[in-house]
Amino acid sequence: MKLAIFGSCVTRDVVAHLPPSIQLVSYIARSSVVSAAQETPYRIEKELPDSIGAFERRMIGHDLEKTGIESLIQRNPDIVVIDLIDERFQVYEYSGTLVTLSARIAKEQLGMEIRQKGRLFRRNEAFCKYFSQCAELILRRICEGNTKVLVNEAYWAEYHASDDGTKSYDDLGNIRRNNERLRQYYNSLRTFLPRKNFIRYDGQLLGDPMHKWGESPFHYTASYYQYIARKIIEFGEEQCA
């Protein structure tokens, strides 16, 4: 079975827990749905600096040039898993299109230009409506063939593991604001997909201070990835039966 991901590390890190029979053929990250759905590309006039690694270079290129969804579709996956954790990044109107100001590009000269010359696309009620429109465009494009979409309904953890149990993160207000936005975005996806196409971790969601990518409310303990892996396997078996 061929698997593709449009989302973030919360789904990509699940792949290590999947059997060899499930092959990851595409991974598109660091892009907001509203940016990925745009038809007008931003053409990068200068090469991105060598300090940017190959993965980040590809992701920035896909977001700016609007090639991410098409690149994913060309790999002809059986299942595309979507999560929305990378909606945490700001979106800007810039040079006649929308772009995602991911953490890596924000450090570069181009990111500074986007901030200075672009207009922040604020995540208000109008954004949520536009998100829904863009999500519909992307889902229709992905599902034109036999590809199935599975939504990994991931949220930021309010607590993290510690030596003496669990502790809450200090910035609970920000975490809860992000989670409320995520609920709205996932609910938008429910307009276009049946309930069985959604999975969500059913245990206590915990950040892992020892996570390989560092501590974060969306870098979870191992039980999360193991659970989501089982759900992906079950979904795949059901679709291929």
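Heads up: the structure comes first, above all this text.
Notes on the structure follow. (Residues numbered from 1 in each chain as written. Predicted model: local features only at pLDDT ≥ 70, side-chain atom pairs only at ≥ 80, totals over all residues. Heavy atoms only, no water.)

## Observations concerning the sheet that holds strand E6 (residues 119-120)
Here is step 1 of the chain: As summarised here, the arrangement of the three strands in space is E5-E4-E6, forming an open sheet in which the pairing is antiparallel. This sheet does not close on itself; its edge strands, each paired only once, are strand E5 (97-101) and E6.
Here is step 2 of the chain: Relative to E5, strand E4 (residues 90-94) runs antiparallel, the two being bridged by five bridges. Bridge pairing links glutamine 90 to leucine 101 in E5. (Pairing = 2+ DSSP bridges. Helix = DSSP H or I, 4+ residues; strand = E, 2+ residues; numbered from the N terminus.)

## Let's talk about the packing of aromatic side chains
Here is step 1 of the chain: A full pass over the atoms with the stated rule returns 13 aromatic pairs.
Here is step 2 of the chain: Taken together, a centroid distance of 5.9 Å and an interplanar angle of 80° make the contact between phenylalanine 121 and tyrosine 130 edge-to-face.
Here is step 3 of the chain: Judged by relative accessible area, which is 26%, tyrosine 130 ranks as partly exposed.
Here is step 4 of the chain: Considering the side-chain rings of phenylalanine 127 and tyrosine 185, the 6.0 Å spacing of their centres and the 50° angle between planes classify their relative orientation as tilted. In this pair, phenylalanine 127 is assigned in helix H7 (residues 125-142) and tyrosine 185 in helix H8 (residues 172-190), connecting sequence segments 58 residues apart. Tyrosine 185 carries the same exposure label as phenylalanine 127, and that label is buried.
Here is step 5 of the chain: We note arginine 190 situated over the ring of phenylalanine 198; from NZ or CZ to the ring centre the distance is 4.8 Å. (Phe/Tyr/Trp six-rings, centres within 6.5 Å; stacked < 30°, edge-to-face > 60°. Buried < 20%, exposed > 50% of the residue type's maximum accessible area, 1.4 Å probe, protein only. Lys NZ or Arg CZ within 6 Å of the ring centre and 35° of its normal.)

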